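Given next are the chains, with one letter for each unit.
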Amino acid sequence: MTDKTVNPPKVFISYSWTTQAHEEWVLELAIRLRDNYVDVVLDKWDLKEGHDIYAFMESMVRSEEIEKVLVICDKGYKTKAEERSGGVGTETQIISKQVYSDVNQEKFIPIVAERDIETGEPSIPIYMQSRKYIDLSSPDQFEKGYEELLRNIFNRPVYRKPALGALPSWLFEDAPAHYKTANINKAIKDSTTRNPQRLPSLTQEFMDGFLDTLSQFEFEYKRGEAELDELVFEKIQEMLTLRNDYIDFVELQCSSQTNVAIEPFIRFFEQLQQKSVSRSSYEDQLDHFKFFIREIFLFTVVIFIDKMQYKTLSELLQSTYFIPDRDYSSLQARTYDYFDRYCRSLDETRNRRLGLRKVSVTADILMNRVTERYTRKKVVQADLLLYYLSILSDTERSWVWYPRTHVYEEYYKLELLQRLRSRRYIETVKMLFEVQDIDELKRKIESFKHAHRSNAMFGEIPSIQDHIPVEEVGLYP
């Protein structure tokens, strides 16, 4: 749309001749509005010698051609309006009647040019104090207020009421499909630019809300009511929306911080793991939580790699997690491998009952839940990397992360490992391998030995040197 298709809106500026400086301020405002295609009526150029001043002002206020009357409110205007003195007093008698008689009137717009020095309150006449005003009272506020004024004059607001969308079908579904975590993510996204100080508290609010929401998926299994593996599978499917909220949350953390703070994540996974600690004789009834914990930990790693949050990733993988034992009598020190839990109800019971003949039902479900951005390839690569780093770690471990998904993709080389040809890249990621230099990294890779025996069902897990021969490590700048 161009200015040739829109008639210039006509506005009248009502103000008080308080001081020479104030008159010049009003004149500059009028000139700028004219430059922005607004047909401004102003006494400085429209009131000629011999004209009746009061009649001119009255006619402008009453004129149907005038679409907006900008009432410039400073201390002088406020005083004259309330005392009904001078030209301002004459205009006030006309304006106040229209303002009082129509609560929805949009013609007369208070423009705050000055605030009370002591109280900071805007200098607005009493009859307009309940009206929404535009603030041009300070240099810091002026540009924002001026844009608001232009949008008002041209009726082009920043926010417009959207059309009604479709009825949200999830409201009428039995399974929950929307959680408070989605709204917290919106608040985090808004605070990233508007109020970064709120991010730590919102981060904790999300994690607390996430853990609270998981209570919805608890159930007490009673033999004979239903197949346990079916209940576990249904709960996993119901948690997909919550999983997606978590992915959005981790992405927001990466976009708002150069190095994501790791301590909230450590505590979060400790608390999360408690969901899979059973006091029941049917430990398999918690397999949906075991699956879910492994899944979101794996996706956390996928996202940190994708966003190049290597320092945070190294802290996530090298931290100690304190997990309560079965009777909650003490805390056990664990490494991240502990989040790789076996789901017997899926990989044995369900596989056998339905005749699925899957290498791993757990991996099969996971592969069917990847996203457009975080593809099968990225998930499998992260799964393999967790296996390799688990073996290479200097920390003593009770067991090693098993890369269940590696059989669900064609063989390919891990991008992160292939990049170890670059000495510059090694400096970026060496903390993941717990090494100080290239020589130490080479020794680790050369000494790598599989922790799991290969078998016919799962196939052979590739060695690290299948991805990056040790002689090629640090070969290039």
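Shown above is the structure to which this text applies.
Since this is a predicted model, take the numbers as computed values, not measurements. (Residues numbered from 1 in each chain as written. Predicted model: local features only at pLDDT ≥ 70, side-chain atom pairs only at ≥ 80, totals over all residues. Heavy atoms only, no water.)

All right, on to the overall build of the protein chain then. Across its full length, the protein chain carries 19 helices and 7 strands. Counting all 477 residues of the protein chain, 47% fall into the buried class. A separation threshold of at least 6 residues defines the contact pool for the protein chain, and within that pool the share at least 24 residues apart is 71%. For the protein chain, the exposed surface amounts to about 25,500 Å²; the carbon and sulfur share of it is 48%. (Helix = DSSP H or I, 4+ residues; strand = E, 2+ residues; numbered from the N terminus. Buried < 20%, exposed > 50% of the residue type's maximum accessible area, 1.4 Å probe, protein only. Contact = heavy atoms within 4.5 Å. Areas by Shrake-Rupley, 256 points an atom, 1.4 Å probe, with all protein chains shown as cover.)

All told, the structure shown has 25 aromatic pairs when counted by the stated rule. A ring pair is formed by Trp25 and Phe142, whose centres lie 6.3 Å apart and whose planes are at 90°; its orientation type is edge-to-face. Of this pair, Trp25 sits in helix 1 (residues 20-35) while Phe142 sits in helix 6 (residues 139-153), placing them 117 residues apart in sequence. Accessibility expressed as a relative area gives 16% for Phe142, which makes it buried. (Phe/Tyr/Trp six-rings, centres within 6.5 Å; stacked < 30°, edge-to-face > 60°.)

Right, let's get into the pattern of salt bridges. If you walk through the whole model with that rule in mind, you get 30 salt bridges. Its salt-bridge partner being Glu238, residue Lys235 comes within 3.9 Å of it at the nearest N-O pair. Within this pair, Lys235 and its partner Glu238 are both found in helix 9 (residues 228-238), separated by 3 residues, close to a single helical turn. Residue Lys235 is classed as buried on the basis of its relative accessible area, which comes to 17%. Between Arg267 and Glu270 there is a salt bridge whose closest N-O contact spans 3.6 Å. (Salt bridge = Lys/Arg side-chain N within 4 Å of Asp/Glu carboxyl O.)

All right, on to unusual backbone geometry then. The phi angle at Asn155 is positive, at roughly 55°, despite the residue not being glycine. With respect to the helices, strands and loops of the structure, Asn155 is situated in the loop between helix 6 and helix 7 (180-194). Residue classification places Asn155 among the exposed positions, given a relative accessible area of 60%. Of note in this structure, Met308 is not a glycine but carries a positive phi near 55°. The residue Met308 is located in the loop between helix 12 (287-306) and helix 13 (310-318) in this model. The exposure class assigned to Met308 is exposed, which follows from its relative accessible area of 60%.

For the rest of this paragraph, the subject is the environment of Gln332. Inspection of the secondary structure assignment puts Gln332 in strand 7 (residues 331-334). Gln332 gets classed as partly exposed once you look at its relative accessible area, which sits at 31%. Put simply, Gln332 and Phe322 are 10 residues apart on the chain and 5.4 Å apart in space, counted from C-alpha to C-alpha. Leave out the neighbours within four places in its chain, and Gln332 touches Tyr321, Phe322, Ile323 and Asp325. Engagement of the side chain of Gln332 in a polar contact is seen with the side chain of Ser330, the distance being 3.2 Å. (Polar contact = N/O pair within 3.5 Å; in protein donor to acceptor, adjacent residues only side chain to side chain.)

Further remarks concern the environment of Asp208. Residue position: Asp208 is located in helix 8 (residues 199-213). Accessibility expressed as a relative area gives 34% for Asp208, which makes it partly exposed. Taking C-alpha positions, Asp208 is 9.7 Å from Gln271, a pair spaced 63 residues apart along the chain.

Now for the side chain of Arg341. Within the secondary structure, Arg341 is located in the loop between strand 7 and helix 14 (344-353). When its relative accessible area of 14% is taken as the criterion, Arg341 is described as buried. Discounting residues that sit within four places of it in the chain, Arg341 has contacts with Gln273, Ser276, Glu283, Lys290 and Arg404.

Examined against the element boundaries, Thr405 turns out to sit in the loop between helix 16 (376-392) and helix 17 (415-418). When its relative accessible area of 0% is taken as the criterion, Thr405 is described as buried. A polar side-chain atom of Thr405 sits 2.7 Å from a polar atom in the side chain of Asp383. Discounting residues that sit within four places of it in the chain, Thr405 has contacts with Ala363, Leu366, Met367, Val379, Val380 and Asp383.

Looking only at helix 11 (residues 263-273), the buried set comprises Phe265, Ile266, Phe268, Phe269, Glu270, Leu272 and Gln273. Residues of helix 11 that are buried make contact with helix 8, helix 10 (240-256), helix 12, helix 13 and strand 6 (321-324).

Next up on the list: the packing of helix 9 against helix 12. Across the interface, helix 9 lies against helix 12 with an axial gap of 8 Å and an inter-helix angle of 40°. The way helix 9 lies across helix 12 gives a crossing that is right-handed. Of the residues in helix 12, those in contact with Val232, Lys235 and Ile236 of helix 9 are Asp287, His288 and Phe291. A class-by-class count of the residues in the contact of helix 9 with helix 12 yields 3 nonpolar, 1 polar and 2 charged. (Axes fitted to C-alpha atoms, helices over the stretch in contact; angles between N-to-C directions. Left-handed = near helix turned anticlockwise from the far one by under 90°. Nonpolar A, V, L, I, M, F, W, Y, C, P; charged D, E, K, R; others polar.)

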